[in-house]
Amino acid sequence: MKTTFAGAVNYGLRRALEDDPKVLLMGEDIGRLGGVFRVTDTLQKDFGNNRVIDTPLAESGIVGTAFGMALRGFRPVCEIQFDGFVYPAFDQIVSQVAKIHSRTRGKVIAPITIRIPFGGGIGSVEHHSESPEAYFAHTAGLRVVSPSNPADAYLMIRQAIALDDPVIFFEPKRRYWDKTEVDFDRLDEDGGSALDQAQVCASGEDATIVAYGGTVATALTAADIAASEGHSIEVIDLRSLSPIDFDTIETSVRKTGRLIVVHEAPVFAGLGAEIAARVTERCFYHLESPVLRVGGFDIPYPPAKLERHHLPDPDRILAAVDRSLAA
């Protein structure tokens, strides 16, 4: 069936609620309203307000309550309404949720999935277009993932909820309305890719682009333009931000000899820095040019009318490709 990214997440949540009575959803306005982006639309009507819970506007309370429920055997799925609203819950996530498994020497688990719409591109006001993924990827004890398309949105939300690990689930909000054909039954049957496995979504020989979340579609557009100019670009969808599937990246870079990493977050101390360092260590004698990064600038997220200058676009990616090929 043809579905949007938001619809795929909705269907994945529905399947999880149907399959396990211990799964419940929590968040601001996720019940009657169906969430700001309508990702949880109709779920409270179908499963009741004891399993799809409208919470007060208190992110630390949402995650703190979910943590307590996880300790009692539930599998809570929290929605943080916007990326910039997660910071009040940061202490709960990094001090409690991420560390309980280690603190108890493996005796206690925290199967919590925290859904966060992230990134820009929708013309929002301040605090509604953040990219906080590096904070969480830096925190041991958390899995951090970000799907880029409806099929992965469905598959990965189901995998995240089923895991005994806490998962930060970043949903690129500017892709919520992207629509593609998704065979949900086939995905359920074959299981799809593992949650921590990157995917090569375009093959190439001249350079590798690694992207995730909202920038994957941008990278694919850049690769198409490059192909029209005679360059063959491989595009890898990272999918998992912690852990990172460096084996897939390394295989590609050993073939192409060049790497460009793309993300919306500021380049300084972003995930691109970690990927560049690891690839340089693992592929030093295969690199034909330095690893390059394309990302947001080192500024607070700009006003909506200026965000198109801040976000990576095909032109900025292609400029990096040209620099890499010219080296």
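Preceding this section is the structure that the text describes.
Before going into details, it helps to say that this report is about the structure given with it. Numbers given to residues run from 1 along each chain, matching the order in which its sequence is written. Local features in a predicted model are, by the rule used here, given only for residues with pLDDT of at least 70; side-chain atom pairs are given and counted only at 80 or more, and totals for whole chains, interfaces and linings are based on all residues. By convention in this description, side-chain values take in all heavy atoms of the structure and omit both hydrogens and water.

Notes on the nonpolar core
Applied cut-off: What we call a nonpolar core is a set of buried Ala, Val, Leu, Ile, Met, Phe, Trp, Tyr and Cys residues that are connected through their side-chain atoms within 4.5 Å. Each residue is assigned to one of three classes by its accessible area relative to the maximum for its type, calculated with a 1.4 Å probe on protein chains only: buried under 20%, partly exposed between the two thresholds, exposed over 50%. Note on contacts: a residue pair qualifies if any of its non-hydrogen atoms lie within 4.5 Å across the two residues.
In this structure, Ile93, Ile249 and Ile275 are the most contacted members of the largest nonpolar core, which totals 46 residues. Setting aside chain neighbours within four positions, we find Ile275 in contact with Val210, Leu238, Ile244, Phe246, Ile249, Leu259 and Val261. Counting residues in hydrophobic clusters, the runner-up holds 31 residues, among them Ala8, Val23, Ile30 and Phe82.

Things to note about the side chain of Ser252
Filter applied, for reference: Going along the chain from the N terminus, every DSSP run of H or I of four or more residues is numbered as a helix, and every run of E of two or more is numbered as a strand. Polar contact is defined as a pair of N or O atoms within 3.5 Å, subject to the rule that within protein one atom must be able to donate a hydrogen and the other to accept it, and that residues adjacent in sequence are counted only when both atoms are side-chain atoms.
Mapping Ser252 onto the fold places it in helix 10 (residues 246–256). Residue classification places Ser252 among the buried positions, given a relative accessible area of 2%. At 2.6 Å, the side chain of Ser252 and the side chain of Thr208 are in polar contact. If near-sequence neighbours (up to four positions away) are discounted, Ser252 is found in contact with Thr208, Glu234 and Ile236.

Remarks on the layout of surface pockets
To be explicit about the condition: The distinction between a cavity and a pocket rests on a 1 Å grid over the protein atoms alone: a 1.4 Å probe fits inside a cavity but cannot get out, while a pocket stays open yet meets protein on both sides within 12 Å along at least five of seven lines, and a residue with an atom within 4 Å of a point counts as lining. Grid points are joined across faces, edges and corners, and a volume is the space filled by probe spheres set on the points. Residues are sorted three ways: Asp, Glu, Lys and Arg are charged, Ala, Val, Leu, Ile, Met, Phe, Trp, Tyr, Cys and Pro are nonpolar, and all the rest, Gly among them, are polar.
Put simply, the largest pocket is a space of about 460 Å³. Along its surface, the largest pocket is lined by 24 residues, and Tyr87, Glu130, Ser131, Tyr135 and Pro266 are the ones closest to its centre. Elements supplying a minimum of two residues to the lining of the largest pocket: helix 6 (133–137) and strand 13 (259–266). Within the lining of the largest pocket, the residues separate by chemical class into 13 nonpolar, seven polar and four charged. In this structure, the second largest pocket spans a volume of roughly 240 Å³. If you go around the second largest pocket, you meet 14 residues; those closest to its centre are Ala137, His138, Leu241, Leu271 and Glu274. A per-class count over the lining of the second largest pocket returns nine nonpolar, three polar and two charged.

The analysis is restricted to geometry; functional conclusions fall outside its scope.
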